[in-house]
Amino acid sequence: MKLALFGAVVLAAEVVKLPTGRADLAAGRKLYENQCALCHGQTGEGGRGPVLTKPRFARAADDAALVRVIEHGIGGTEMLGAHSMSEREIRQTAAYARTLGRVAIKPVPGNAARGAELYRTKGGCAGCHDAGFTAPALQGVGSRRSAVYLREALLTPESAVPDGYLLVTAVPRSGGNVTGVRVNEDSFSIQVRDASGKVHSYWKSELAELRKQRGVSPMPSYRGTFSEDELTDVVAYLASLKDSE
Amino acid sequence: MRLLLFLTPVLLAQVNVPYERILNADAEPGSWLTYSRNYSGQRYSPLDQIHTGNVSKLRVAWMNQANETETVQASPIVADGVMFITKPPNIVEALDAKTGRVLWTYRREIGNDFRGCCGRVNRGVAILGDTVYYGSIDAHLVALNANTGAVRWDVVMADPKVGFSGTGAPLVVKDKVIAGIAGGEFGVRGFIDAYDAKTGKRAWRFYTIPDKGEPGAETWAGESYKTGAATTWVTGVYDPETDTLLWGTGNPGPDWNGDGRKGDNLYSSSLVALDPSTGKLKWHFQYTPHDVNDWDSTQTPILADGVVGGQKRKLVVLANRNGFYYSIDRVSGKFVAGRPFVKQTWASGLDESGRPMRLPNTTPTEAGVLLYPSLGGGSNWYASTFSPQTGLYYVNAKEEGAYYIKGAAEFKAGSFFNGGGQRPNKAEQPWGAVRALDVVTGEMKWEYRLHVPSHAGLMTTAGGLVFGSNGTSFFALDASKGDLLWRFEAGGGIVANPITYKVDGKQYVAISARHVLLVFGVE
């Protein structure tokens, strides 16, 4: 196969009918468990990816859109296209994904308003997430991530680092270390945004050292800082941060 | 085309490349007459006006843009001051090689029934006499007047509705145009064709999968040979000394599910050696028997001579997508030496006949099995290069593993017939390197590391340079040591092979980046 990265040519179909047979749903379930559960949970409860046990998917309103999302992913997010699936397998998976929504959704527990208050006050979250430049923006995080993941992000931040987020320290030969978030990098140069928002651009040949802090998060763990109730409230607040639809 | 009406008659007869010129391509180093410049596949240029001492002064001379979403991947042909390129969606263009001004454009409509696995990409044309040959995206072979772009003949190679497509540049040998075909993801039956250059009449067809009763048919279970793919989508090479055409073949289909096609699946993921006059098979070498990892072996092989055990040997070498480097005796087709050139975890090594010894638990599963290299391979269709000046083989190597997944595969003409795929290995960052290897053994002499894997080809020159690309950058390395000497940010992904040529005494280097063909010269 010629590099999948160039993207297959889309053969648009107007109306998509998903299979309903038992065998198709069983096949869809197996495909889901092997290829989707990793991020969306074994039963659609969510994880790195959003909860799928809901009657409507924001990004996949109808079946044709769902097939498209599975086939091509959602551009610019961690949701990649299932290039390994045949057209039929994609439909089987889509059909199974639709059945997940028949389970009644449990609302995320907690008091979101109190969570928002904690976010601004005791948590000191805004200082990094809304004012600083080294933390990712949290708009829409409730659409992207499940409550389980969000909780994990607060307890063990280094286990919930978004793809592509990397903290680096660049040490130019001319002196003056810069630590910040990597904005871009190739074989020849790197661009780093520091806490003040300034972007530093270096040729790699100018650097004495480039330290990459993989799996490291500057975000403190809130284990012990927040009581169990407070944690639940902050998670409820984060889960309420949905993409405007 | 309109332009030409006003040109002088002298210019009208500007381009004429008889076979003798192609055969003796080294006598005119300023031209680039076949996909790889000459028949050897080495993608080495004897030009040395641009060299290690002045390459840092390389600047853009001119550009040519495409108006489409797909990447320009053509390797240009340059003859008699004219450059011939292809570009998406289905275009052949002739440019003045000095100024970049367009001389003519040929544009073909593509029917709605076009399939194509991977975009409307094409990698160039061939030339003979005053005719340019184009294997079109919709699987026609088209002969164009090199001076005007007028169609001389147009023949159907295969049916685009069932997935066939022309993506590789044809190769002219004597009075024939040899063309491969793409479509390996659609369960087609692959072939290599030869057409009479004058008339377009098909002279022979070599099916890369034997028919019932032919030798090799026993390597396909049941009727699986009918949908076994083994397409031929990158240009091969020709060895005039032994009068042999050497061409690589693609993966067997379905790609990742081998259950229905038990056996070695000849001649998939192989090199086939053919008599160019008849298309008869002389010998074959299969790199990956019963491939279940989509490791096409279509990349252009390289003819090079090497000393083995004190004896000079005629070799055909390549760094295969399966992660191993191979040198083979090109007269007998027998294995000479080989070793991994990237991390690989699927075989314990190669046996004395060059056959990989596959390890247990290395076939794709429904849950996914982690193997190196990924399906993109240790390298891929993009060109490797051999420099007779350094005696080294240079490859764009990719260090990446992936989870191979097996899925259901049901054949329906014109639909994907893959049976699985891969999932990225999130635990590791893939990376790449330009590696210089001993041409006989594949032993690494040096490497230049790349931040991410590259999907572009390499070229060496007598100026002591290796040209390569990484992501959106085009660069030049010192061919003897691997030091970076020059780089250029092209602002668009490079998925193409570089070439170099000379017009009016000045050397140029050309590469395509995303939608743009860039041509560089020293100020």
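Residues numbered from 1 in each chain as written. Chains lettered and ligands numbered in written order. Predicted model: local features only at pLDDT ≥ 70, side-chain atom pairs only at ≥ 80, totals over all residues. Heavy atoms only, no water.

**Describing the overall build of chain B**
Condition: By the criteria applied, helices consist of DSSP H or I runs no shorter than four residues and strands consist of E runs no shorter than two, each listed in order from the N terminus. Every radius of gyration here is taken over C-alpha atoms, with the globule rule written as 2.2 Å times N^0.38, N being the number of residues. The buried label goes to any residue with under 20% of its type's maximum accessible area, the exposed label to any with over 50%, and the partly exposed label to all in between, with areas taken from a 1.4 Å probe on protein chains only. Should any heavy atoms of two residues lie within 4.5 Å, those residues are counted as being in contact.
A count of helical and extended segments in chain B gives two helices and 38 strands. A compact globule built from 523 residues should have a C-alpha radius of gyration of about 24 Å, and chain B, at 21 Å, falls within 12% of that. With respect to the three principal axes, the spread of C-alpha positions in chain B is 65 × 50 × 45 Å. In chain B, buried positions account for 66% of the 523 residues. Pairs at least 24 residues apart make up 59% of the contacts formed inside chain B by residues separated by at least 6 positions.

**Let's talk about the overall build of chain A**
Just so we agree on the cut-off: Two residue types count as positive, namely Lys and Arg, and two as negative, namely Asp and Glu; His and chain ends fall outside the count. Where a charge lies is defined by one atom per residue type, namely NZ (Lys), CZ (Arg), CG (Asp) and CD (Glu).
Secondary structure assignment for chain A yields nine helices and five strands. Helices and strands appear in chain A in the N-to-C order α-α-α-α-α-α-α-α-β-β-β-β-β-α. By principal-axis analysis of the C-alpha atoms, chain A measures approximately 65 × 50 × 25 Å. Looking at the 245 residues of chain A, the share that counts as buried comes to 43%. Sequence separation of at least 24 residues holds for 64% of the intrachain contacts in chain A that already meet a minimum separation of 6. Charge separation in chain A, taken as the distance between the mean sites of 31 positive and 26 negative side-chain charges, equals 2 Å.

**A look at the packing of aromatic side chains**
Quick note on the threshold: Working definition: a ring pair exists when centres of Phe, Tyr or Trp rings (six-membered ring for Trp) sit within 6.5 Å. Plane angles under 30 degrees give stacked, over 60 give edge-to-face, the rest tilted. The criterion for a charge sitting over a ring is simple: Lys NZ or Arg CZ within 6 Å of the ring centre, and within 35 degrees of the ring normal.
Inspection of the entire model under this criterion finds 33 aromatic pairs over all chains. Here Tyr222 of chain A and Phe226 of chain A contribute two aromatic rings whose centre-to-centre distance is 5.0 Å and whose plane-to-plane angle is 20°, an arrangement assigned as stacked. As far as burial versus exposure is concerned, Tyr222 of chain A and Phe226 of chain A are alike and both buried. Centroid distance Tyr326 of chain B to Phe335 of chain B: 6.4 Å. Interplanar angle 75°. Geometry classified as edge-to-face. Side by side, Tyr326 of chain B and Phe335 of chain B carry an identical accessibility label, which is buried. Taken together through their ring pairs, the aromatic side chains of Phe285, Tyr287, Trp295, Phe324, Tyr326, Phe335, Trp346 and Tyr404 of chain B make up a single cluster. The ring of Tyr207 of chain B is capped by Arg189 of chain B, whose NZ or CZ atom sits 3.9 Å from the centre of that ring.

**Description of the sheet that holds strand S26 (residues 385-387) of chain B**
All names here are of chain B. Test applied: Two strands form a pair only when DSSP identifies at least two bridges running between them. A fitted line through C-alpha atoms serves as each axis, taken over the contacting stretch for helices, and the angle formed by two N-to-C directions is quoted from 0 to 180°.
In space, the four strands of this open sheet follow the order S26-S27-S30-S31, with antiparallel pairing throughout. Edge positions in the sheet fall to S26 and strand S31 (444-450), since each has one partner strand and no second. Between one strand and the next, the sheet's axes are offset by a mean angle of 25°, whatever the strand orientation. When S26 meets strand S27 (residues 392-399), the two strands line up antiparallel, connected through three bridges. Bridging across to S27, Ser387 finds its partner in Leu392.

**Re the pattern of salt bridges**
Residue and element names in this part refer to chain A. This is how the line gets drawn: What counts as a salt bridge is simple: a side-chain nitrogen of Lys or Arg found within 4 Å of a carboxyl oxygen of Asp or Glu.
Counted by the stated rule, this structure contains 49 salt bridges over all chains. In this structure, Arg98 and Asp63 form a salt bridge, with 2.8 Å as the shortest nitrogen-oxygen distance. Of the two residues, Arg98 sits in helix H4 (residues 87-100) while Asp63 sits in helix H3 (residues 63-72), which places them 35 residues apart along the sequence. Among the residues examined, Asp63 registers a relative accessible area of 25% and is labelled partly exposed.

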